[in-house]
Amino acid sequence: MSLSTQGIHGHERIGFLTRVQSFSACHRLHSDLLSDEENKEVFGLCNNPNGHGHNYKVEVTVRGKIHPLTGMVMNITDMKKCIQDVIMTPLDHKNLDKDVPYFSNVVSTTENLAIYIWDNMVKALPSNLLYEIKIHETDKNIITYRGE
């Protein structure tokens, strides 16, 4: 039995580590594939030409083996750096539609924001570690995405 792969009880232990981060951004829900009337009908007030903002709360969860020597799924310092690079630098205090190239032709819904964060976090984190992205758009609106 190797302590590098198995716990003291002889089997691997799996843990989930979640880091919560908040950021502020504005956007306008609008699709170039819909007419102005269709956009107003589908997105309502969120289609306001001047946009609107949110204080988003993002939960990034990784899942992996708890290393028996370090006791960690991953080093939280490394996770914080990934979150800074993937979420805070490109998204905080930005206009999603104008400042983030991904949203130039993708509607900036919270669902699509979760996909954007997932696709970039999965590149930044060690392989097969990312488990879930959960975004609280408001206290009542929450989207969960697991890469499916």
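This structure is a prediction, so every number in the text was calculated from the model and none was measured. (Residues numbered from 1 in each chain as written. Predicted model: local features only at pLDDT ≥ 70, side-chain atom pairs only at ≥ 80, totals over all residues. Heavy atoms only, no water.)

Draft legend 1. Molecular detail of the pairing of strand E4 (residues 130–136). For E4, a buried count of 5 out of 7 residues is recorded, marking the element as mostly surrounded by other parts of the structure. For strand E2 (residues 52–65) and E4, the ladder comprises 6 bridges, and the chain directions are antiparallel. Following the sheet pairing, Val-62 is matched in E4 by Leu-130. Here E4 pairs with strand E5 (residues 142–145) via 4 bridges, running antiparallel. From the neighbouring strand, Lys-134 faces E5, where its bridge partner is Thr-144. What sits between E4 and E5 in their antiparallel hairpin is a turn of 5 residues. (Buried < 20%, exposed > 50% of the residue type's maximum accessible area, 1.4 Å probe, protein only. Helix = DSSP H or I, 4+ residues; strand = E, 2+ residues; numbered from the N terminus. Pairing = 2+ DSSP bridges.)

Draft legend 2. Highlighting unusual backbone geometry. For His-93, which is not glycine, the phi torsion reads 55 degrees and is therefore positive. Topologically, His-93 is positioned in the loop between helix H2 (76–91) and strand E3 (94–95). You will see that Asn-128, though not glycine, has its phi angle at about 60 degrees, which is positive. Accessibility expressed as a relative area gives 74% for Asn-128, which makes it exposed.

Draft legend 3. Spotlight on the pattern of salt bridges. All told, the structure shown has 3 salt bridges when counted by the stated rule. Two residues, Glu-132 and Arg-146, come together in a salt bridge whose shortest N-O distance is 2.6 Å. Within this pair, whereas Glu-132 is found in strand E4, its partner Arg-146 is found in the segment after E5, the two being separated by 14 residues in sequence. For Glu-132, a relative accessible area of 8% corresponds to the buried category. Arg-146 gets classed as partly exposed once you look at its relative accessible area, which sits at 41%. (Salt bridge = Lys/Arg side-chain N within 4 Å of Asp/Glu carboxyl O.)

Draft legend 4. Region of the structure containing the pairing of E2. Here strand E1 (residues 14–27) pairs with E2 via 14 bridges, running antiparallel. Counted as the bridge partner of Arg-19 is Val-60 from E2.

Draft legend 5. Highlighting the packing of H2 against helix H4 (residues 110–124). Closest axis-to-axis distance for the H2/H4 pair is 9 Å, and the angle between their directions is 140 degrees. Put simply, H2 runs oblique to H4. Like other packed secondary-structure pairs, H2 and H4 cross with a definite hand, here right-handed. Seen from H2, the contacting residues are Cys-82, Ile-83, Val-86, Ile-87, Pro-90 and Leu-91; seen from H4, they are Leu-113, Tyr-116, Ile-117, Asn-120, Met-121 and Ala-124. For the contact of H2 with H4, a count of residues per class yields 11 nonpolar, 1 polar and no charged. (Axes fitted to C-alpha atoms, helices over the stretch in contact; angles between N-to-C directions. Parallel < 35°, antiparallel > 145°, perpendicular 65-115°, else oblique. Left-handed = near helix turned anticlockwise from the far one by under 90°. Contact = heavy atoms within 4.5 Å. Nonpolar A, V, L, I, M, F, W, Y, C, P; charged D, E, K, R; others polar.)

Draft legend 6. How the structure looks around the nonpolar core. In this structure, Ile-87, Leu-113, Ile-117, Met-121 and Ile-133 are the most contacted members of the largest nonpolar core, which totals 31 residues. Where this core is concerned, the elements lending two or more residues are E1, E2, H2, H4, E4 and E5. Looking at this core, the element that brings in the most residues is H2, giving 7 residues. Excluding residues within four positions of it along the chain, Ile-117 makes contact with Val-58, Val-86, Ile-87, Leu-91, Ile-133 and Ile-135. (Core = buried A, V, L, I, M, F, W, Y, C linked by side-chain atoms within 4.5 Å.)

Draft legend 7. Molecular detail of the packing of aromatic side chains. If you walk through the whole model with that rule in mind, you get 6 aromatic pairs. Relative to Phe-103, the ring of Tyr-102 lies with its centre 5.0 Å away and its plane at 90 degrees, an arrangement referred to as edge-to-face. Judged by its relative accessible area of 28%, Tyr-102 is partly exposed. Taking the centre distance of 5.7 Å and the plane angle of 45 degrees together, the rings of Phe-103 and Tyr-116 count as tilted. You can see Phe-103 sitting in the loop between helix H3 (96–99) and H4 and its partner Tyr-116 sitting in helix H4, a full 13 residues away along the chain. (Phe/Tyr/Trp six-rings, centres within 6.5 Å; stacked < 30°, edge-to-face > 60°.)

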